[in-house]
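Here's the letter readout for the chains.
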Amino acid sequence: MTPSDRAKQELKNLQPVAGNGLLHRRAFLHGGAALAGAITGYALVPPAFGQQLTDESWSLAPGVTVPDFGVRSRFEKNVVRTLSNPKGEPRTQHARTPHHLLNGTFTPNGLHFVISHAGDPDIDPDKHRLVIHGLVKQPLVFTLDALARYPMESRMAFVECGGNSAPLFSVEPIQASVQALHGLVSCAEWTGVRLSTLLDEAGIDPKAKWIVAEGADPPHLSRSVPLSKAMDDAMIALYQNGERIMPGNGYPMRLLLPGWEGNINVKWVRRLQLTETPGMTFYESRTYAPILPGGKAYQFYFLQEVKSFITHPSPGLALKGPGFYEISGIAYSGTGRIAKVMVSADGGKSWAQAALQEPVHSKAFTRFRVPWRWDGGPAVLQSQAWDEAGYVQPTRTQLVASRGETTRVPPVTAFVSQHYNAIVSWSIERGGEVKHVYA
Ligand SMILES: Nc1nc2c(c(=O)[nH]1)N[C@H]1C(S)=C(S)[C@@H](COP(=O)(O)O)O[C@H]1N2
Ligand SMILES: [Mo]
């Protein structure tokens, strides 16, 4: 028996922890390097070593000048956002994050999703002002410089549009990539000033219960924020992954409400008015107030609930033959930390516990991973997440029972599709192709 045959035998002997080949995450460690080689097909026989490394042009002459602003390799050109309105016509623009081409837990700034209802304003930071007024003891106005003198903090946080994953409300599963289906969520490290610090400085009138936040873009997008959230973990964010916020994400400042519906995270924020009652603005009375099956509006429902989806494999990333694969994906909850993610390869009949990438941050992406031995037969991959508050990601059947589907004739169609957080199912076909199914 050659070492590689032996490794193949060991691979067969590995005990799955759940049906359809889900392995314990220590399988690799126990099997050692030879096993890994057998699994992936990368083991070398000794005489072939030398032929593997050849000197290409880049190994023979000095490279190019280091640029003053780094850009990624030209070989990564296809890792881009998809645009719903590439010509910037006068309607909403969406740019979706390519989750199937990324890994880890935070989203590079150029790939953070964007929803801009009237394009990205080109704001001169020296001219931008943030005004706090209304039910306060002392109205205040801040320049960017003034804000920078206050104590700052950094935190990881996802932002997710309430309409992310909306295609999954349709009666039939829509065949599309994870980018098209779930690309309206991203995660970054945001740095800025706690809103409570600024509100304390302004002095809150005891009558104040809400804050109407307004952006500097032409629609002056406005949303009402309960004062309790504003005093909890809200931030006026100035930096995104260490650099100034991207123009599309709110340059030079945005309201960050960790774990809450994307729309209320007002970009280019310029006004915070403290009020007794909510403003009943357009975006909270119409677009982000979907009508539930009973006819009642799903209004002032801010939380992005516990959710997960598998990014690898996923539609468009076909498997290249039976063998070993890592199943990996993203889990997050607007309530707090992710506590557990279970993965199934047999459509929910059996489950294995995935490894969570540390550190697990509150209200931020958590990468989960589980090793899998695909036998080449049919499989249905699913993930289900739990958060530290004990909330569990629902099945699609459960979600649709309370929230409806997009079957109906318009206008209902336009209103039902918000806050989809149910389990997502990828079917692996015989040839390795990945399809979106409802299991
Ligand atoms: N001023 C302003 N704020 C805004 C928007 C906008 O168009 N204008 N879009 C909202 C919507 S619908 C979402 S989902 C989030 C998206 O944040 P991002 O573009 O930084 O990902 O910003 C919200 N804040
Ligand atoms: Mo949104």
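Residues numbered from 1 in each chain as written. Chains lettered and ligands numbered in written order. Predicted model: local features only at pLDDT ≥ 70, side-chain atom pairs only at ≥ 80, totals over all residues. Heavy atoms only, no water.

## A word on helix α9 (residues 396–403)
Here α9 has its buried residues at Arg396, Leu399, Val400 and Arg403. The buried residues of α9 occupy an angular sector of 95 degrees when the element is viewed end-on, so they sit on one face. More than 90 degrees from the buried face of α9, the exposed residues found are Thr397, Gln398 and Ala401. Of the residues trailing α9, glycine 404 is marked for its positive phi of about 90 degrees. (Buried < 20%, exposed > 50% of the residue type's maximum accessible area, 1.4 Å probe, protein only. Helix = DSSP H or I, 4+ residues; strand = E, 2+ residues; numbered from the N terminus. Arc of directions from axis to C-beta.)

## Re the environment of proline 108
Tracing the backbone shows proline 108 in the loop between β4 (93–96) and β5 (114–116). Spatially, the C-alpha atom of proline 108 lies 13 Å from that of alanine 157, the residues being 49 residues apart in sequence.

## A closer look at unusual backbone geometry
With an omega dihedral of -5 degrees, the bond running from histidine 312 to proline 313 counts as a cis peptide bond. Residue position: proline 313 is located in the loop between β16 (307–312) and β17 (323–332). The phi angle at asparagine 20 is positive, at roughly 65 degrees, despite the residue not being glycine. Its relative accessible area of 26% is what places asparagine 20 among the partly exposed residues. Positioned with a positive phi, serine 165 is a non-glycine residue whose angle comes to about 65 degrees. Here serine 165 shows up in the loop between β8 (152–160) and α5 (178–182). A relative accessible area of 1% places serine 165 in the buried class.

## A word on the packing of aromatic side chains
In the structure shown here, the tally under the stated rule is 12 aromatic pairs. For the pair tyrosine 283 and tyrosine 288, a centre-to-centre distance of 6.4 Å together with 40 degrees between the ring planes defines the contact as tilted. On the basis of relative accessibility, which here comes to 7%, the residue tyrosine 288 falls in the buried class. Taken together, Phe158, Phe309, Tyr332 and Phe365 form an aromatic cluster joined through their ring pairs. Its end group placed over the ring of tryptophan 386, lysine 340 keeps NZ or CZ at 4.2 Å from the ring centre. (Phe/Tyr/Trp six-rings, centres within 6.5 Å; stacked < 30°, edge-to-face > 60°. Lys NZ or Arg CZ within 6 Å of the ring centre and 35° of its normal.)

## What to know about the site of ligand 1
Neighbouring ligand 1 are 21 residues; Phe113, Asp217, Asn249, Arg254 and Lys267 lie closest to it. A distance of 2.8 Å separates an oxygen atom of ligand 1 from a polar side-chain atom of asparagine 249. Measuring from an oxygen atom of ligand 1, one finds a side-chain N or O atom of lysine 267 at 2.6 Å. Relative to its unbound accessible surface of 530 Å², ligand 1 loses 100% to contact with the protein. (Near = heavy atom within 4 Å. Polar contact = N/O pair within 3.5 Å; in protein donor to acceptor, adjacent residues only side chain to side chain. Areas by Shrake-Rupley, 256 points an atom, 1.4 Å probe, with all protein chains shown as cover.)

## Here's the deal with the side chain of histidine 128
Residue placement: histidine 128 occurs in the loop between β5 and β6 (130–134). Overall, the relative accessible area of 5% leaves histidine 128 in the buried class. Apart from the residues within four sequence positions on either side, histidine 128 is in contact with Ile123, Phe142, Thr143, Ala216, Pro252, Met253, Trp268, Val269 and Arg270. (Contact = heavy atoms within 4.5 Å.)

## Brief notes about the sheet that holds strand β22 (residues 379–387)
Two pairing modes exist for strands in a sheet, parallel and antiparallel, and in both the strands are linked by backbone hydrogen bonds. The 5 strands lie next to each other as β19-β18-β22-β23-β24, forming an open sheet whose pairing is antiparallel. If you trace the sheet from one side to the other, it starts and ends with β19 (352–353) and β24 (434–437), each paired once. The sheet contact formed by strand β23 (residues 425–428) and β24 spans 4 bridges and is antiparallel. The partner of serine 425 across the bridge, within β24, is valine 437. (Pairing = 2+ DSSP bridges.)

## Considerations on the confidence of the model for the chain
Counting all residues, the mean pLDDT for the chain is 92, and 92% of those residues have values of 70 or more. Counting interchain partners and residues more than four positions distant, the pLDDT-below-50 stretch residues 411–415 has 5 contacts. (pLDDT = per-residue confidence, 0-100.)

## Digging into the nonpolar core
Among the nonpolar cores identified, the biggest contains 49 residues, and Leu130, Ile132, Trp190, Leu198, Ile236, Leu272 and Leu274 are the most heavily contacted of them. Among the nonpolar cores identified, the runner-up in size contains 42 residues, and Val360, Phe368, Trp374 and Ile428 belong to it. (Core = buried A, V, L, I, M, F, W, Y, C linked by side-chain atoms within 4.5 Å.)

## Let's talk about the domain arrangement of the chain
Here the domain parsing of the chain yields domain 1 (82–116) and domain 2 (130–159 + 188–287). Relative placement of domain 1 and domain 2: their C-alpha centres are 22 Å apart. On the side of domain 2, 12 residues touch domain 1, which itself brings 10 residues to the contact. When domain 1 packs against domain 2, the two sides together hide about 860 Å² of surface, and 49% of this comes from carbon and sulfur. The largest per-residue losses of area from domain 1 upon contact with domain 2 belong to Phe106, Asn109 and His112, which jointly make up 59% of the total buried on that side. For the pair domain 1 and domain 2, the interface holds 8 residue pairs in polar contact (both at pLDDT 80 or more). A class-by-class count of the residues in the side of domain 1 that touches domain 2 yields 4 nonpolar, 6 polar and no charged. (Domains from an automatic or database assignment. Buried area = accessible area lost by both parts, 1.4 Å probe. Nonpolar A, V, L, I, M, F, W, Y, C, P; charged D, E, K, R; others polar.)

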